[in-house]
Amino acid sequence: MHPNPESATTRRDFLQATAAVAALASVGAPSIVLGASPFTHMALPWGESALAPVIGAQTVGIHHGKHHKAYVDNLNNLVKGTEFEGQPLERVVMATAGKADRQALFNNAGQIWNHDFYWHSLKPGGGGKPPAALAARIDESFGSFEEFRKQFAAMTVSQFGSGWGWLVADSAGKLKVVKTGNAEVPMTQGLKPLLTIDVWEHAYYLDYQNRRADYVNAVIDKLLDWEFAVRNLG
Ligand SMILES: [Fe+2]
């Protein structure tokens, strides 16, 4: 059953969504551009085989072409006839977060947002040390790049079940590493995402089977796009 657009519940949801988007703006929108519905399945920034051998072409092809696409198709079906039709993806994410009766909308919207962010977090020939300005921020927040690297890998690997590891900036500008489960996003905690690593099994199982730590370490050392993190930091 679709909600009555004139209902008090819908008006309340709309106002909450507006406040949520304002909160997101204060966190800082990411440098990727995300549209309104109908939501698009973003093209990869590089070819399917470009991340090999760290992440193989088959993994990327299934992950992007099947899993990610399914979230887009699901959300476009779910928003039909609701107040979220025509709304920006961020509004759907922030307005449905934490609401049991909006779980399916949140799960699919969050997973589109997270995957768009993940693909942009990776590039062939990435990894290594960040640019000087960001390296200085990392030193301030973690003590050293080596300490950051250790904490980021450990935090990401420790996510129980499906989810995401993140480098984020808090409201005071301090950099932190956090993890989120399933489709959860850092913005709902007032954190600005800079980079992410997908640790759903579909992201690594064909290449690494149960060796999640090997996948995470390889992504950090060989694929992270530090320029994307710099753009997100602003
Ligand atoms: Fe994924």
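Residues numbered from 1 in each chain as written. Predicted model: local features only at pLDDT ≥ 70, side-chain atom pairs only at ≥ 80, totals over all residues.

Here the focus is the overall build of the chain. Helix and strand counts for the chain come out as nine helices and three strands. Ordered by position from the N terminus, the helices and strands of the chain form the series α-α-α-α-α-α-β-β-β-α-α-α. Buried positions account for 40% of the 234 residues belonging to the chain. (Helix = DSSP H or I, 4+ residues; strand = E, 2+ residues; numbered from the N terminus. Buried ≥ 20, exposed ≤ 12 C-beta atoms within 10 Å, placed from the backbone.)

With that settled, the discussion passes to the sheet that holds strand E3 (residues 192–198). Remark on secondary structure: sheet strands pair via backbone hydrogen bonds, oriented parallel or antiparallel. Strand order in this open sheet of three strands is E2-E1-E3, and the pairing throughout is antiparallel. Two strands lie at the open edges of the sheet, namely strand E2 (175–181) and E3, each paired on one side alone. When the angles between neighbouring strand axes are averaged without regard to direction, this sheet yields 25°. (Pairing = 2+ DSSP bridges. Axes fitted to C-alpha atoms, helices over the stretch in contact; angles between N-to-C directions.)

What follows is about helix H6 (residues 145–157). If you check H6, its first and last C-alpha atoms are 18 Å apart, about what 13 residues at 1.5 Å a residue would give, namely 18 Å. Turning to H6, its buried residues are Phe-148, Phe-152 and Thr-156. Buried residues in H6, looked at end-on, bunch into an arc of 50°, giving them a common side. For H6, the secondary structure elements touched by its buried residues are helix H5 (132–142), strand E1 (163–169), E2, E3 and helix H8 (212–222). (Expected span 1.5 Å × (residues − 1). Arc of directions from axis to C-beta. Contact = placed C-beta atoms within 7 Å.)

What follows is about the environment of Ala-213. Take Ala-213: it is sitting in helix H8. For Ala-213, a count of 14 C-beta atoms within 10 Å translates into the label partly exposed. Counting along the chain gives 59 residues from Ala-213 to Ala-154, while the straight-line C-alpha distance between them is 8.2 Å.

Of note, the bond from Ala-52 into Pro-53 is cis; its omega dihedral lies within 30 degrees of zero at 5°. Checked against the element boundaries, Pro-53 lands in the loop between helix H1 (8–27) and helix H2 (57–78). For Asn-182, which is not glycine, the phi torsion reads 50° and is therefore positive. On the secondary structure map, Asn-182 appears in the loop between E2 and E3. We classify Asn-182 as partly exposed; it has 15 C-beta atoms within 10 Å. Even without glycine at this site, Gln-209 takes up a positive phi of about 50°. Under the C-beta neighbour-count criterion, Gln-209 is labelled exposed, with 11 such atoms within 10 Å.

Another aspect to go through is helix H4 (residues 103–121). Because each turn of an α-helix spans 3.6 residues, side chains separated by three or four positions in sequence point in the same direction. Taking 1.5 Å as the rise per residue, H4 with 19 residues should run 27 Å; its terminal C-alpha atoms sit 26 Å apart, in good agreement. Counting buried positions along H4 gives 16 out of 19 residues, so the element sits mostly inside the fold.

Moving on, we get to the environment of Pro-130. Checked against the element boundaries, Pro-130 lands in the loop between H4 and H5. Of the residues examined, Pro-130 has 22 C-beta atoms within 10 Å and is grouped as buried. C-alpha of Pro-130 to C-alpha of Ala-229: the two residues are 99 residues apart in sequence and 8.8 Å apart in space.

Turning our attention to the nonpolar core. Leu-75, Val-92, Val-93, Ala-109, Ile-112, Leu-167 and Val-219 are the most contacted members of the largest nonpolar core, which has 56 residues in total. Setting aside chain neighbours within four positions, we find Val-92 in contact with Val-79, Phe-84, Gln-87, Leu-105 and Ala-109. (Core = buried A, V, L, I, M, F, W, Y, C linked by C-beta atoms within 7 Å.)

With that settled, the discussion passes to the pairing of E1. Counting buried positions along E1 yields seven of seven residues, so the element is predominantly enclosed. Neither face of E1 is open: one carries Gly-163, Gly-165, Leu-167 and Ala-169, the other Trp-164, Trp-166 and Val-168, and all of them are buried. Relative to E2, E1 runs antiparallel, the two sharing seven bridges. Paired with Ala-169 across the bridge in E2 is Leu-175.

This next bit is on the packing of H2 against H4. Here H2 crosses H4 at 140°, and the two axes come no closer than 9 Å. Judged on the interaxial angle alone, H4 and H2 are oblique. In this structure, H2 meets H4 at a crossing whose hand is left-handed. Seen from H2, the contacting residues are His-68, Tyr-71, Val-72, Asn-74, Leu-75 and Leu-78; seen from H4, they are Ala-104, Leu-105, Asn-108, Ala-109, Gln-111, Ile-112 and His-115. A breakdown of the residues in the contact of H2 with H4 according to their chemical character gives eight nonpolar, five polar and no charged. (Parallel < 35°, antiparallel > 145°, perpendicular 65-115°, else oblique. Left-handed = near helix turned anticlockwise from the far one by under 90°. Nonpolar A, V, L, I, M, F, W, Y, C, P; charged D, E, K, R; others polar.)

Our next topic: the confidence of the model for the chain. Averaged over the chain, the pLDDT score is 90; the fraction of residues at 70 or greater is 85%. Ignoring residues within four places in sequence, the model shows residues 1–9, a span with pLDDT below 50, making nine contacts including any to other chains. (pLDDT = per-residue confidence, 0-100.)

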